[in-house]
Structure formats: structure tokens, C-alpha cells
Amino acid sequence: MHNENHAFVPADVPEKKRDIFIKNYHAITRNTNHLFLFSCDHKIEHLNNDFYGATINSQALHPEHLFRIASQGTIGAMATHLGLLARYAKQYPNVNYIAKLNGRTHLVSCEQQDPKSLLLWTVDDVISFKEENKLMINGIGITVYLGSEYESEHLFQAAQAITQAHKAGLVTIVWMYPRGKAICQENNPQLIAGAAGIALSLGADFVKIKMPDATNMVSSTQALKIASAAAGNTKIIYSGGEMINAQDLLSQLYENIHHADVAGIAAGRNIFQRSLAESIILTQAISAIIYDNVDLKVAIAHLNQL
Amino acid sequence: MHNENHAFVPADVPEKKRDIFIKNYHAITRNTNHLFLFSCDHKIEHLNNDFYGATINSQALHPEHLFRIASQGTIGAMATHLGLLARYAKQYPNVNYIAKLNGRTHLVSCEQQDPKSLLLWTVDDVISFKEENKLMINGIGITVYLGSEYESEHLFQAAQAITQAHKAGLVTIVWMYPRGKAICQENNPQLIAGAAGIALSLGADFVKIKMPDATNMVSSTQALKIASAAAGNTKIIYSGGEMINAQDLLSQLYENIHHADVAGIAAGRNIFQRSLAESIILTQAISAIIYDNVDLKVAIAHLNQL
Amino acid sequence: MHNENHAFVPADVPEKKRDIFIKNYHAITRNTNHLFLFSCDHKIEHLNNDFYGATINSQALHPEHLFRIASQGTIGAMATHLGLLARYAKQYPNVNYIAKLNGRTHLVSCEQQDPKSLLLWTVDDVISFKEENKLMINGIGITVYLGSEYESEHLFQAAQAITQAHKAGLVTIVWMYPRGKAICQENNPQLIAGAAGIALSLGADFVKIKMPDATNMVSSTQALKIASAAAGNTKIIYSGGEMINAQDLLSQLYENIHHADVAGIAAGRNIFQRSLAESIILTQAISAIIYDNVDLKVAIAHLNQL
Amino acid sequence: MHNENHAFVPADVPEKKRDIFIKNYHAITRNTNHLFLFSCDHKIEHLNNDFYGATINSQALHPEHLFRIASQGTIGAMATHLGLLARYAKQYPNVNYIAKLNGRTHLVSCEQQDPKSLLLWTVDDVISFKEENKLMINGIGITVYLGSEYESEHLFQAAQAITQAHKAGLVTIVWMYPRGKAICQENNPQLIAGAAGIALSLGADFVKIKMPDATNMVSSTQALKIASAAAGNTKIIYSGGEMINAQDLLSQLYENIHHADVAGIAAGRNIFQRSLAESIILTQAISAIIYDNVDLKVAIAHLNQL
Amino acid sequence: MHNENHAFVPADVPEKKRDIFIKNYHAITRNTNHLFLFSCDHKIEHLNNDFYGATINSQALHPEHLFRIASQGTIGAMATHLGLLARYAKQYPNVNYIAKLNGRTHLVSCEQQDPKSLLLWTVDDVISFKEENKLMINGIGITVYLGSEYESEHLFQAAQAITQAHKAGLVTIVWMYPRGKAICQENNPQLIAGAAGIALSLGADFVKIKMPDATNMVSSTQALKIASAAAGNTKIIYSGGEMINAQDLLSQLYENIHHADVAGIAAGRNIFQRSLAESIILTQAISAIIYDNVDLKVAIAHLNQL
């Protein structure tokens, strides 16, 4: 599973863009089929709540903190909104970027209105931005809210964005979240597996899902493995979620990589809510598991540098 | 009725695309006017529920199972979403495909919101995908929810997709489902017959409908025959529905082909919820009835190969 | 009023399309200013209810029945959806057609949702279909629901369709129906007259309205005459409605033609719910009144051929 | 204020269209900065209610009545829907026309749904119609419902229509009506003044508003003068409203012209609900005040011709 | 922080538009990174309420008052709707303008409907207007309502307008307002900081926010400083709000500039509700603080000129 030097090129990537797609794919997977996504779309999704507070390092308040980590740490790619890229990416040209196309705040509750997250930028906006600035924008990201009353609009714009991105040789990542009044249990294993399968049916290369809950039938890891099967040749990265102990994060990652067939993790708060120094080292430890196939102990030993 | 070597070409197929349309039509009907559609849009419609569970063969969890059946079995065409085709169809180039253009999950109930299933891909997306990959994509499929509060949007996009597909010489199949708060009885015979007639009025070549319920006036088969008449020169394929005993499936199919004037069946779960070996044999038995006009006993004898 | 050989050409018909418009107008009015429209949009509007039932001739179940009547009977034009034309019109090339552009089922009640009937095909679709097939498609038809919460969308698409159709030299007919939660009395004389006036303000050549109810001030015929005045140079055809006794139908038609200044009738169920033989003779009797200006007795005598 | 021979050309009229704009402006203002608009959009707005009834002259039932008045009377311009122009304007080529772009009926009450009046025709439709027919279409009219839940859509389409019309050298007139569930008092002076100011902010040349109500602080005329100030260099024409005594109409007009700084009146029912002869004379009396700056007595003397 | 002669050029400004962007940026910041925006969009937002009333100077009723202040006073730029610019800007060509693209009235309460403010003009409208008239239109302004049920539409149109404006070398300013049924406390410090951060994620150059409320943890100024950090390299201008004592206004401004890291103020009512003479002097005092970095006392001394 590890260290394979093979990029699967979906059939909606035209012949003349195959090489570009493979190059983009290899860049963010570091020539494996694995992916460590540094997820940084929180300034729209959660406003200032993830960047300022009692348990958050004060450096996180400054948006440039995200780019410093991406630039000095070791990641696959940093995913953030195109508008933020327009203001910082040129100053950090050594980073691989995934341009996130949509976003919404959490201000309106599901009880009031089901989640709706329209595309803020088109794939063409990404392409012209990339060409103008010669930046390493390797792909696009888009969120789909399944089970929302706007599900159909989300599916439509995701299918179209994937089709268009593949036509340009860009890698595609779908954030697939069941959410809305109709969703009782967002992390139900069968639901999560189904969500992963929908990303496949939309043609995505990677799907970001939340960790499924354990049930009295399956553990979280077993449920994640079922989801990996349901996703077929679309690869799963699971959400890191809220900040937890770094060692626990690495253990969970190791387990999921080795026993749940996932391609990696999408981590944000777990990284950027720490100081720059801590963040950098944590990205190195995560990358060691994801890209270098090290033992858990070796990965954890990274943390001792602090 | 059987074995006629005649393709009806609707008048919205332009002269220069007649030969292509006839070729597509003959491919999926195997030079008859009958059709065995291997229906595989469930990963969006039903998430993982049709692929993993107590009564489902474990092979079904892997999306490639669908393509293995289509490739090794004997079918008219496999219908699935364009995104899924982008990830597997090139690996299975010997299969006839129908590109399904829309889809939605069942997560939101009718009580909360009437069904809405926007087009995820355009007919142009299908055409450029087909041309790029030289695959046998013979037509397009689209679902219409009659009686939904979004009925008008569904009728619009179906009429337009049919018009555009015919202009390109593609065969068109409409999934015509009465559904929504206004629909008390989805399988009412007069309603089903009306639904079939609407597919005709939209210009479709085939319409997929559910089996009408028997009433104290007519049997299911008689009701289906009335629907076939109401559909005029649009041909009916009926939904196989949930997995049932293979022999019963074949008996029902034989009855409907020979006494209800239908063109064939759209079967999905009845096939792919079995093992690959069983699935392949069942497709052979179904094709024997639909395309080879064999007696029921001969068809059932196929099953003994297992 | 009768037998005038003059076609009024509205000013949104460009100079270079005047002759085509006049030709289309003369074709369906048979060189009078009168119109007998054989209305056949029921397969979408009423599903199978108008085609199969205790009081309906069994031939009506087969969609081709409509085209046989149009081809063998004597009518001004047959109005039906473009999708149905795509499947039968080429087999019946001697018929004048009006392509109906929108339609909806009656499945959702006004109490649940006000009527909404989006265009299913554009005027451009009609034009390219006509040119490809050299069929006699003389005009377009479109339904407007006044007083619906979607009234504005209906008015918009009707105004645009009329403008575009006139630019191509096509005759335009509006089905103008007050309907929705806000409408207490659909057939109120002042409301019907107003509806006719709106068709004029939209620029339509003909407007199809329902017979206004009699009040204690005016008879139905007098009310219809007021509506004819309110419609100005847009000509009224009234709806035949449900099947009634053929002799009564002719008497009412004669009365409305001669005392209510209408241009003719739009009849559907009154014709196609009979056998082909009866239908043909009835169309001849209707045409005798509308186009040949015969006495009522002469028209009724036609019926004796049966 | 009177008789100034100066047309203000807004800056969104391009240089090459300045002369056309000035010509259009001078045509309807008769080389003053005043305007007598003969408002004739009622067939859509009020259906038949303004054209047929106990207090209405029977000539009003016939739509051509409107054009006869415009042609034989003395007005600045006649405003009506483009569809109606397509059916009569060519027969009355000596009239100045304002093409009204949107309209809705009063059938749905505000309690049921806030007013929504989409554009039925585009500015481009007006321009191509004008060019095809060489008619004197000097401008466009559009209604905005402030305070409606669809206010934003109305503001958008008005701003766009004004921008496009000015690009073509057409004069623009906004019907600015506060209306909807949120509006307690449509004719509140501060609200009316604000409405006039919004027309200015949209870039309109003229704004049609209703007479503000008198309060215990200001008379109607004083309130109208405040609105005129708030409108800046957008000129106000006030609505004539329901038919009143001709002498009262003239007195009110004289007062508003001379003490409220308005540019004129938009009168419809007050004119067309009378006989052709009376209508013509009344238009002459109104024009005498608006365009010829006569004394009230002189204007009223006109009425004695009857 | 002050007097730096450096314009940050975001990466979505193409190379060939860099010089134009820098010129526009320097024009409104007067070669600093500070901005005094004379905010004049109130005629749409608040109708006549801000221009006529007991505490408002009577000159404010006349729209030209706004342009006289902008022309004779000392400001960075005047922000107002494109329609108003079309009617006055050419007469005041020495003013720097920001074209405001959207607007809505306050007539519909949040309880009835969440705020919705569609674009009334496109960036292309601004560009062609600017080119036609050779006016100093240095940028565009757009309002976003966070937490509204139409938040997604607002974010979309803001992201697109910013992208397009930057492509043309125009500076972009977002009015970022949390508002709607879901917003309990519009001026909550963490919410305001988050709002500023969203402007950054959209790619805006400046964001206009309201003063955050003081809490028992932070003062208003401290809260504003946190927001400035959260906004990264997007610069904050805070809303002047309702008219207050001029000296208090200057004190607050001085405090916010020197201790909250803001770039300046967006003031409207505080200026235009005074007489022309007073307004002019106040703009000079504000500019002295913002652009000339004078002591508070020096700035206040300006007021003594009256």
C-alpha cells in the first residue's frame, strides 16, 4: 500500500493534461498514494473561534501563522480559500496549495436553515490565478452537505467543479459532510461509508470524511475501513477535528493508515492552534507516518524535539 | 414483437446523426427492440445501504463489483453516474454504458422536502467524455419526480437533456417516478400509465417505471400492459426493485415481456447484491428472456449452472 | 367578420419574416381570421385520466389516436408538446402543428403549491426541429397561470416566447388561466376579460380562455363578447372543456362565433375521447361552423353521417 | 423652472449617444424639463377593472381607445407594455412611447405574497423593436416595489435596465412604490421622499411616485416638495390615481407644478375612463399647465370646449 | 505604521494592472496605508431618514450636498452607488470615488426576512462607466451580511466582485455586517474579529466593520485591535455610525488609529448631517489624524475654524 509510485488518472482528465495531473498528484502525495492535507478553511467556516481563545496559542490569531507553518513545516498541501491565497500565497511560493472553492459560516443553525455553501470562486478563477502567479496550486477543494435541503445544489456544483478541474489536470478533494435537519447522527458508520461512495460517484480523487463513530458491531477504525472499501478508487482522508494531545493524534493516524486503508489525514486545528515551533514539528511527525511509513514510535520521537 | 431488427429514430435526431443513433440503439437492444438495463445509480440514491448489510454479498461493498458484472455478464447496458464512469469505465471498455445525469440521496424525507434532483452533468459533459475516451456510451439517463413541488424543474431538465442527447445521436432513458407529499400511492395503475405517457410527451426512447399495483379490476401485468399502450412508441422497462428469488424474478420478467408489452427490465440490486459468479449467471438468464426470446424454463435452467 | 382574407401582422414580426408569418397564419385559419385548435396537451396536464376510463373510447389510450384524428379529420391545427411531435409528427406530415412549450401535471394541488409551469422547450428548439424535419409547425403555445405565486415567471416566459416566436414568423397562442390559492372563481367574467386583455398586452395572436360563468347581469355569451372586446386585436378561442353531447358543442360554438366575437374553439377531450370515426366527423362539423360559416343545422347534419 | 431648454444628460449615457438621448428627452418634455406621461399599463396591473364598470365610459373597454387618445390628444408620451405596442403602435406612429418593461396583476394579495414584478422584456427587446419599426420609443419604464421581500430583485433589474437604456440613449422612468407586508403606510411623506431618492441612486431620469399624505406637520404639496428635493436631479412625476373631477385634477396639478417642484403628472384612469372627446380635451388642458405654463384658469377654460 | 509609502498588491491583480492598482491605492490612501472613506450609500440603505429631520442640517436634504463636501473637503474617497455617480460625479471630477455595487432598504425587518442585498451593478458596469467618463473611480464597495439566510449569496457575489475588480486594478472594500435572525449581538468582539477575517479570506483590501462592544475582558479599542490582527493584511476601517460630537469623534478616531491598528474610518452621517462649512472642516480634522499623523490636539484645533 505504501510507497507505491503510481498515480491513478481518472478518465475525465484529457490525454493532453495527463502529465500535469500526475505531476500535481505526485506533488501532494510525495510520490506515494498518501496525503497529508493541512486544512486551513476555518476563517470562513468558524470565524475567529478557532484562532483566538483560552486554549489557543496567541500566534494563531495572525493569519500569516498558517502560511508560516505550511512553508516551514512538512506537509502534502495546504487547503484554503482562493481569497486568502491571493493575499499570502505569493509570499510563500514553496507551498503546495489546494484552492478551496466554497465556504460558509456556522452562524445560522441547522434548525433555522439547512447548510448551503455556494461556490465563491470557479475553477476558471483558480486556473487564471495559478497561471498568473506561477504558484503550485495542485488541486481544488469543495464541500458537499449531504442530507441538506440544498444537497442537490451541492452535488451539482461539486460534480461540475470536479469535471472542470480534471479537464485542467487539477486534483480534486471533496469535503463530504452529512448535515442538516434530516441528519440525526452525522458520524453513523453506514452514513459515512455512503458519503465516501458518493464522492466516488462524483469522480473525486480524495474525500475528506469525519471519523465514524464506533458501534457495538464495529470500532471506529473498522468502520473507517468499510468506508475505504465503499469509496473504491477514491481515497479517504479523515478529519483531524478539534485539537487533541499530539501523541494521541499520531497513534490514531498510524492506526487508520495501517488498519483502515485511508490515504491520510486532513488536519488543521490540531496543528495551527499550537505555536509555530510546535506546529512545524508536528507536521514532520505526521508526514513521517503518512509519507515515510515510519513506525509509530519513530513518529512520536519527533515530538521530543520540542 | 420479438427479434425485430428495426430501430425507431425520433424526429429530433438530425439526419446526420441517424446512423449513430441507430448504432447506439442496436448496441443496447442487441438488434431487438428490447432492453436489459443493469441499473447502478444506487451509490448516490441509497448511499451504502444497498451495498453492505446482512443479506448482501460482501463483494458488493467494492464498487468495482458493478463493473466486473457488467463486463463478464450479459447485459444490454450498464447505467451509472458519469463520475463513476470517469473512475472505472476505461478499465472496462467492453461494456455498453448509459450515463446517468442526475441523482440525490434519500436522506431528506418527502415530509421535510419534496424530492429535487438537479442535473449533475450536462449532455455536453457526456459527449466530451465519450469522445475523449472512445468508450461505448450509448445514451443518457435522467430521473423525473412527478408530483414533487420541483416537478416543473425536473420536466424542464429532462425535456432539454432528451432534446440535446438526440441531437448527438444518443439514446434516452427516463426514470419516471411519481413521488412527493402529493402522491398517496406511487404505484397506482392509472398514475403509472400516466407517468409512462409523460415520458412519451418528453420524447424519451425508454421509460423506467415501477410495477403498478394490482387492483380489484386489473392484475399488475394487465396494468403494465395499459401503461405500455399509454407510452405509445416510447418503450417501457420496469424496475426490478429489491432483491427477490432469482426464479421469481425470471418468471415475472417472462410474464411482463410476453403479456404486458414491455421492452425489458431495469435491474440493479437483484443482480449486484449477489456474488460475482451468481450475478453473471443471472444476467445471462435475464438476457436469454429479453434478447433471445427463450422459454421461461430454458431461462431458469441457466441458474442451475451455479 | 367571416371569410376575411386578412392576416394582422404584429409589429414585432420583422419585415423579412412577414410572409412566413402570414403563411403560418393563413394555414391554421384557413384564410379566415378563425381558428379551430385541436388541443392535445393532456398527456402531461392530466396524465392518463383523459385517455382511459369508463366514458372514454378505448382507442384514446393509444397516443397515435390523436395524430390519426388530426391527419384524417378537418382541423386548423393540432397543439401538442414538442416531445410528442418528435415521436409522431413525421409520420403525419400533412397536419398543421402548434408546438406547446410548457406543461405540468395536476398532481400537486393549489392548496399545496400554486401552479408553476416552466418552459420545457425554447422557441429555438421548435425552430431547429421544424427546419430539420420540414414539418408544418405554424406556431407555439404556452400556458400562463395568472394569480399564481409564480405568475411573474409565467408572464416573463410568455412575453419572451412570443417575442422570439414572432421574430421567427411563428403564430403565438397563449393558454391564459387564472389559477391558484388567490383565485376564488376562475370563470368570473371580469377576470376572464382581464385575462384576455393580458394576452393582448403580452403581444399574443390568439388567447385560449375558459367560458366565463353567467351572472345575474350577463349570460356566458355576453360575458365572452366583453372579453373579446377587452382582447382587442388578439383573438379569442374558448376551451371546449370536458366531453359533452356533440350537438350541444356545436350549438354553443355557433352561438359564440356569431354573438360573442370569438375566433373559434380549442377542443380536445370533446374530440379524442370518441372513436376515430366519430372524431373525424365531429372535426368536420366544427370546421364547417368555424371556417365555412355554415348554418348550425348544416353543421349538425354532419353528425348524421355516423 | 419652466420652459428651460436644457436636457440633463447623465454620465452613463455614452458620448456617442448624447444627441439621441437629448432628442428623446426633448421629445417627451417638449423642450421643457416637464413631463406629462399618459400612463397605460393597467391592462396587466388591474386586468379589466379599470376598463369596464359602472363609472367608466364604454369606449374604454376597447384597447384601441388608449392609442386614439394618445394620437389625437396632447401628451408628452404614452407608457405601456411592449407587447401592446407590438399590436397597435405601428398604426399610431405619431405618438411618443415609453416601453414599460415589467408588470404584474393585483390578484395575489400582499398578505399572501409580497409583490414581485419581473422584467417581461429586456432593453434589447425594446431597442430591436424600435429599430425594426422606426417608432418614436423615447424611453423605458420599470416598476420597483420597495419594502417587498423581492425588493432586491426589483432594485437589481431597475439598476440594470437604467444602465442599459442610458447606454442606448433612452430616457428612463421608474415607478417607485413602497409595497408589501412591511409597509404600513404607503404614502408616508418621509417614505415617499426616500423612494424618490432611491430612484436618483439608481440613476433614473424621472420617478413616478404617489402623492404623499398630509400630516399635522406638512401638507401634501409641502411633502411633495421635500420629495422633489430628495430626488435631486431626478425629476418627479406624481400619480394621478383614480378618476376625479377634471377641474380638481387640474388644480392639484397646477399646485404641484408651481409649489412642489414636480416635473409633471402620470395620468391614466383620469383620462382613459372618459370618452375619446373628453379625454382629448383633458390632455390639452393638462399639457397647457405642464408644457405651456398657462394659468390655472386658462387650463380649466379648455374643459369648456365640451 | 504611518506614512509608509507602500501599497500591498494582492496576487489576483495581474502583472499588467499592478501600476493601476498602486495608483488607485495611493490615491485613496494619500500615499499612506490609511483610509478616510466618506461613506454615502445612505439614500438606498436608510431612505430619507438620514437626510431630513430635527437634528439634521437642512442642506443634507439635497443630494448634491454630499458631492459638495467631497469636492471641497479633504477625504480619501467618497463611496456611493453607481447610479448616483452617474448623476453627479461628472460635475465633481476632482473627487476620488468608490462605486458601491449593492444596497437595500431597511424597510423589511430581520424578523420578517433576513437581509438580502443583490449586486445592482457589475464590476464591468463600473469599468465601462469609468472609462467613458475619465473619472477617478479607484475601487468598488460591496456589503456582505454574515449570518443571514442569504449569507452564501452575499459571500459569492463579494468573492466574485473582488476577483473581477482586482483583475481591473481596482481597490476593493467590503462592508462586513453580521445581521439576521441568527445574530444575537452584532457587535460581539469575537464575531467582529471573525467578520474581519472573512473579508481577508475573500481577498478584500479593506473591510468596514462596526466598533466592537466592550466586554468585561476587553475595551472596544482592544477588541478592535484583535480584529485588526485577525484581518491580517486586509486593513480595517471602522464605521463612524450615528452623528456624535465632533470632538468625541476625533478622540475615538485617534485612539483607534494609534492603539487598535485600524487604517481609518468610514464616516457618513457624522459628516453630511452638518452644514457644508462644518462638514468641510470636520473632513480636514479627520484627514489630519488619518493622513498627516497629527496630534489629537492639533486635529481638534481644526474645529475652531468654525
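Rules used in this analysis
- Residues numbered from 1 in each chain as written.
- Chains lettered and ligands numbered in written order.
- Predicted model: local features only at pLDDT ≥ 70, side-chain atom pairs only at ≥ 80, totals over all residues.
- Heavy atoms only, no water.
- Pairing = 2+ DSSP bridges.
- Helix = DSSP H or I, 4+ residues; strand = E, 2+ residues; numbered from the N terminus.
- Axes fitted to C-alpha atoms, helices over the stretch in contact; angles between N-to-C directions.
- Contact = heavy atoms within 4.5 Å.
- Disulfide = S-S within 2.5 Å.
- Buried < 20%, exposed > 50% of the residue type's maximum accessible area, 1.4 Å probe, protein only.
- Expected span 1.5 Å × (residues − 1).
- Core = buried A, V, L, I, M, F, W, Y, C linked by side-chain atoms within 4.5 Å.
- Polar contact = N/O pair within 3.5 Å; in protein donor to acceptor, adjacent residues only side chain to side chain.
- Least-squares fit on C-alpha atoms with pLDDT ≥ 70 in both.
- Buried area = accessible area lost by both parts, 1.4 Å probe.
- Salt bridge = Lys/Arg side-chain N within 4 Å of Asp/Glu carboxyl O.
- Parallel < 35°, antiparallel > 145°, perpendicular 65-115°, else oblique.
- Left-handed = near helix turned anticlockwise from the far one by under 90°.
- Nonpolar A, V, L, I, M, F, W, Y, C, P; charged D, E, K, R; others polar.

Enquirer: Sorry if this is basic, but what is going on with the sheet that holds strand β3 (residues 97-100) of chain E here?
Expert: Strand-to-strand pairing in sheets goes through backbone hydrogen bonds, with the strands running parallel or antiparallel. Residue and element names in this part refer to chain E. Read once around its circumference, the closed barrel built from eight strands follows the order β1-β2-β3-β4-β5-β6-β7-β8, with strand pairing classed as parallel. Taking the axes of each pair of neighbouring strands and ignoring which way they run, one obtains an average angle of 25° across the sheet. Across four bridges, the pairing between strand β6 (residues 206-209) and strand β7 (residues 235-239) is parallel. Residue pairing across strands places Val207 opposite Ile236, the latter belonging to β7. Packed on one face of the sheet, helix α11 (residues 276-290) meets β1 (35-39) and β8 (264-267) and runs near 150° to β1.

Enquirer: Which parts of the structure should I look at to understand the state of the cysteines?
Expert: In a disulfide, the sulfur atoms of two cysteines are held together by a covalent bond. Residue and element names in this part refer to chain A. Applying the stated criterion across every chain, the model contains zero disulfides over all chains. No disulfide involves Cys184; its nearest neighbouring cysteine sulfur is the one of Cys110, lying 12 Å away. Judged by relative accessible area, Cys184 falls into the exposed class, the value being 82%.

Enquirer: Is there a simple way to think about helix α6 (residues 151-167) of chain D in this case?
Expert: Residues spaced three or four apart along an α-helix point in a common direction, a consequence of the helix completing one turn every 3.6 residues. For α6 of chain D, built from 17 residues, the straight-helix expectation of 24 Å at 1.5 Å per residue is met to within 8% by its first-to-last C-alpha distance of 24 Å. After α6 of chain D finishes, the residue Gly169 of chain D shows a positive phi value of roughly 80°.

Enquirer: What is the right way to look at the nonpolar core in this model?
Expert: Here is a general trend for soluble globular proteins: nonpolar side chains tend to be buried in one another's company. Met176 of chain A, Met176 of chain B, Met176 of chain C, Met176 of chain D together with Met176 of chain E are the most contacted members of the largest nonpolar core, which has 587 residues in total. Excluding anything up to four places from it in sequence, Met176 of chain A contacts Val144, Leu146, Ala195, Ile198, Ala199, Leu202, Val207, Lys208 and Ile209 of chain A.

Enquirer: Sorry if this is basic, but what is going on with the side chain of Asn33 of chain D here?
Expert: With respect to the helices and strands, the residue Asn33 of chain D is situated in the loop between α1 (18-29) and β1 (35-39). Separated by 2.5 Å, the side chains of Asn33 of chain D and Tyr25 of chain D make a polar contact.

Enquirer: Please clarify how the relation of the copies chain B and chain A should be interpreted in this entry.
Expert: Mapping one chain copy onto the other needs a rotation about an axis and a shift along that axis. For the pair chain B and chain A, the best superposition has an RMSD of 0.0 Å and corresponds to a rotation of 72° with a translation of 0.0 Å parallel to the axis. On the angle and the small slide along the axis, the relation comes out as a five-fold axis.

Enquirer: Explanation requested: the interface of chain A and chain E in the structure shown.
Expert: Interfaces are often described in size by the accessible area the parts lose on coming together. On the side of chain E, 44 residues touch chain A, which itself brings 36 residues to the contact. Counting each side, the surface lost to burial between chain A and chain E is near 3200 Å², with a carbon and sulfur contribution of 56%. Taken as a group, Arg87, Leu107 and Leu120 of chain A account for 21% of the area that chain A buries against chain E, more than any other trio of residues on that side. Linking chain A to chain E there are two salt bridges. Note that Lys116 of chain A is salt-bridged to Glu153 of chain E, the shortest N-O span being 2.9 Å. Linking chain A to chain E there are 24 residue pairs in polar contact (both at pLDDT 80 or more). Breaking the side of chain A that touches chain E down by element, the ones donating at least two residues are α2 (42-45), α4 (82-88) and α5 (123-133) of chain A.

Enquirer: I would appreciate a short explanation of the interface of chain B and chain A in the present structure.
Expert: Facing 36 residues of chain B, the contacting portion of chain A comprises 44 residues. Roughly 3200 Å² of surface becomes buried between chain B and chain A when both sides are summed, with 55% attributable to carbon and sulfur atoms. Sorting the residues of chain B by area buried against chain A places Arg87, Leu107 and Leu120 of chain B first, and these three jointly supply 22% of that buried surface. If you look at where chain B meets chain A, you find two salt bridges. Between Arg87 of chain B and Asp205 of chain A there is a salt bridge, with its nearest N and O atoms 3.2 Å apart. For the side of chain B that touches chain A, the secondary structure elements donating two or more residues are α2 (42-45), α4 (82-88) and α5 (123-133) of chain B.

Enquirer: Is there a simple way to explain the packing of helix α8 (residues 220-230) of chain D against helix α9 (residues 246-259) of chain D in this structure?
Expert: The packing of two helices is summarised by the inter-axis angle and the distance between the axes. Residues and elements named next belong to chain D. Contact pair α8 / α9: the axes reach a minimum separation of 9 Å and the direction vectors enclose 45°. For the element pair α8 / α9, the angle class is oblique. Judged by the sense of rotation from one axis to the other, the crossing of α8 with α9 is right-handed. Residue-level inspection shows Thr221, Leu224 and Lys225 of α8 in contact with α9, the latter providing Glu255, Asn256 and His259. Taken together, the residues of the contact of α8 with α9 sort by class into one nonpolar, three polar and two charged.

Enquirer: Looking at this model, I keep getting lost on the sheet that holds strand β4 (residues 137-146) of chain A. Mind explaining?
Expert: Residue and element names in this part refer to chain A. Spatial ordering of the closed barrel is given by β1-β2-β3-β4-β5-β6-β7-β8, a layout of eight strands whose pairing is parallel. Across this sheet, the average inter-strand angle for adjacent strands is 25°, counted without regard to direction. Direction of pairing for strand β3 (residues 97-100) relative to β4: parallel, over a ladder of four bridges. By the bridge assignment for β4, Ile98 is matched with Gly139.

Enquirer: I tried to follow helix α8 (residues 220-230) of chain E on my own but got confused; where do I start?
Expert: Across the eleven residues that make up α8 of chain E, a large majority, eight, are buried. Of the residues making up α8 of chain E, those classed as buried are Thr221, Ala223, Leu224, Ile226, Ala227, Ser228, Ala229 and Ala230 of chain E. Those residues of α8 of chain E that are buried are in contact with α2 of chain A together with α7 (189-202), β6, β7 and α9 (246-259) of chain E. Gly232 of chain E, located one to two residues past α8 of chain E, shows a positive phi value of around 55°.

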